[in-house]
Structure formats: structure tokens, C-alpha cells
Amino acid sequence: MYSRQELFLGKKAQVKINKSKIAIIGIGALGTIAVELLARAGIGELILIDRDCIEISNLHRQTLFTHVDISKPKVIAAKEALSKINPNIKISAHFTSLDNENIGLVKPDIILDCTDNLETRFLINDYSKKNNIPFIYASAIKDKGYIYNILPEKPCLKCILKESITNETCETAGVLNTITSIVASLQVNDATKILLDKNPEKD
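My aim in this report is to walk through the structure given alongside it, one point at a time. (Residues numbered from 1 in each chain as written. Predicted model: local features only at pLDDT ≥ 70, side-chain atom pairs only at ≥ 80, totals over all residues. Heavy atoms only, no water.)

## Things to note about helix α8 (residues 177-195)
Residue pairs spaced three or four apart in an α-helix point in one direction, given the helix's 3.6 residues per turn.
Step number 1: Between its first and last C-alpha atoms α8 spans 27 Å; for 19 residues at 1.5 Å apiece the expected length is 27 Å, and the two agree.
Step number 2: Taken as a whole, α8 has its buried residues at I179, T180, V183, A184, Q187, V188, D190, A191, K193, I194 and L195.
Step number 3: Buried residues in α8 make contact with α2 (11-18), β1 (21-25), α3 (29-41), β4 (110-113), β5 (135-141) and β6 (144-150).
Step number 4: Backbone geometry just after α8 places D197 at a positive phi near 60 degrees. (Helix = DSSP H or I, 4+ residues; strand = E, 2+ residues; numbered from the N terminus. Expected span 1.5 Å × (residues − 1). Buried < 20%, exposed > 50% of the residue type's maximum accessible area, 1.4 Å probe, protein only. Contact = heavy atoms within 4.5 Å.)

## Observations regarding the environment of Y127
Step number 1: Turning to its location among the elements, Y127 is positioned in helix α5 (residues 118-131).
Step number 2: Owing to a relative accessible area of 14%, Y127 belongs among the buried residues under this scheme.
Step number 3: Taking C-alpha positions, Y127 is 36 Å from L7, a pair spaced 120 residues apart along the chain.
Step number 4: Excluding residues within four positions of it along the chain, Y127 makes contact with I103, G104, V106, K107, I111 and I133.

## Focus: the pattern of salt bridges
Step number 1: Under the defined criterion, the tally for this structure stands at 9 salt bridges.
Step number 2: Residue K16 is joined to D197 by a salt bridge in which the shortest nitrogen-to-oxygen separation is 2.7 Å. With K16 in helix α2 and D197 in the segment after α8, this residue pair connects regions lying 181 residues apart in the sequence.
Step number 3: Relative accessible area serves as the criterion here: at 34%, K16 is assigned to the partly exposed category.
Step number 4: Between K144 and D143 there is a salt bridge; the shortest N-O distance is 3.5 Å.
Step number 5: Judged by its relative accessible area of 47%, D143 falls in the partly exposed class.
Step number 6: Residues joined by salt bridges that share partners form a network here, namely K21, E45 and K90. (Salt bridge = Lys/Arg side-chain N within 4 Å of Asp/Glu carboxyl O.)

## Overview of the layout of surface pockets
Step number 1: Its boundaries defined by the atoms lining it, the second largest pocket holds a volume of some 260 Å³.
Step number 2: Looking at the second largest pocket, it is lined by 13 residues, and the ones nearest its centre are F8, L9, N189, T192 and L196.
Step number 3: For the lining of the second largest pocket, the elements supplying multiple residues, two or more each, are α1 (3-9), α3 and α8.
Step number 4: Per-class residue counts for the lining of the second largest pocket are 7 nonpolar, 3 polar and 3 charged. (1 Å grid on protein atoms, 1.4 Å probe; cavity = no way out; pocket = protein on both sides within 12 Å on 5 of 7 lines; lining within 4 Å. Points joined across faces, edges and corners; volume = space filled by probe spheres on them. Nonpolar A, V, L, I, M, F, W, Y, C, P; charged D, E, K, R; others polar.)

## With respect to the sheet that holds β5
Step number 1: Pairing in this open sheet of 6 strands is mixed, and the strands run β3-β2-β1-β4-β5-β6 from one edge to the other. Looking at strand neighbours, the two that pair on one side only are β3 (90-95) and β6, the edges of this open sheet. The sheet shows a mean angle of 15 degrees between the axes of neighbouring strands, taken without regard to direction.
Step number 2: Across 5 bridges, the pairing between β1 and strand β2 (residues 45-50) is parallel. Considered in β2, the bridge of A23 is made with I47.
Step number 3: On top of the sheet, α5 reaches β1, β4, β5 and β6; it is set at about 165 degrees to β5, its chief contact. (Pairing = 2+ DSSP bridges. Axes fitted to C-alpha atoms, helices over the stretch in contact; angles between N-to-C directions.)

## Considerations on α5
Step number 1: With 14 residues, α5 ought to run about 20 Å at 1.5 Å a step, and its terminal C-alpha atoms sit 20 Å apart, in line with that.
Step number 2: Along α5, the residues that are buried comprise T120, R121, F122, L123, I124, N125, Y127 and S128.
Step number 3: On its buried face, α5 is in contact with β1, β4, β5, β6 and α6 (157-160).
Step number 4: A side-chain oxygen of the first residue of α5 lies 3.4 Å from the backbone nitrogen of E119; this N-cap is N117.
Step number 5: In the segment just after α5, N132 is the residue with positive phi, at about 55 degrees. (Polar contact = N/O pair within 3.5 Å; in protein donor to acceptor, adjacent residues only side chain to side chain.)

Geometric values such as these leave the question of function open.
See the structure below:
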């Protein structure tokens, strides 16, 4: 299944990918793109966390979902879709809000922040710094996107983001499905580099 990817990365790198664990917080516009790419790449274990159910307005950019999924919890629908794409990986789905009580669920090699609120992002930031877990912040609004790699030896999210960069949301300001796809793809690309001990800010 991974032959074309392995041809470029090499067998050792593919084995490392297959043994890796990634947590994706938020299974929306960014999260659905990210988890599908990770599943197809062969990440050994995916931890999905989201509190929302699918609405019709999600479908233009949340690519794992279809009309038959409306009203289902996002994590459940995502797990079903991903299991069909790659039955060889382990997927755990948590239909809940991430908070101080349950953040212990998150014990991966990397955390992908695909959320839409600053409170959860700062919670992830504090947890990842305390436990030396790399995490990748990402956001998208209108036709703009942002990515920042939070690594153990680098400045944290609070160092660069004292407050929300905008009060707008996808619900109030809108968003293009092209920008969410681009941002999530870049986020996964950086995650792969980090897993393989490459500098995500180069190449």
C-alpha cells in the first residue's frame, strides 16, 4: 500500500511511520484532511478527539463526511471512513471536549491542533510542553492559513500568540475549502518531517 511513498522515503522511514502515534484534536475542516492523509501514509495509531456532530454546512470542506453522516459524531464517522481507507491502523475515537480532566488521553508522538478555539489550544500547549510532545498549531479562515510547530526546544504557543489573532470564525466570516486543504496538508507534511527527525522548517 505504501510502495510509492516508501520508494521516496526508504524502508526504515516507512517502518517508523507505521509505528508512530498521532493525536488529532478537532475533526473538522483541518482535522478531516489531516487524518485522511495520515491514515493513507500508514501512521500506526490515530487518536481522534472532537465534541461536535456533523452538520450540512460542514460538507463543503470536511472531506471525510457525506450527507449520510449528518448528525453523527464527527469522530465516529471519521473512524468509520478511515477504517475503510486503511484497515491496518489502530484508531481510537473520543466524542468529548478536551479538558484538564481527560487530556491524559493524549499520549502520542505528535499532537496536531485542528481546533477552533484558543482555550483548547493553550491547554494543548501547556500539556505538550510539560510532556515534551511536539505539537503543530494550525488554523484557517477566509483565504488565509497559519501553521506553527511547537517543539520542546522552541518557543511555545503562548510566546507567539498572546490573544486570538482574529475574533472571526468560519461561521461568521467564511472559509474556502482550498485553504483548509492546503493548511492541513502542510501540517501533515511537517508532522512527517518531525517523526523522521527532519527539520520541518527546511526543505
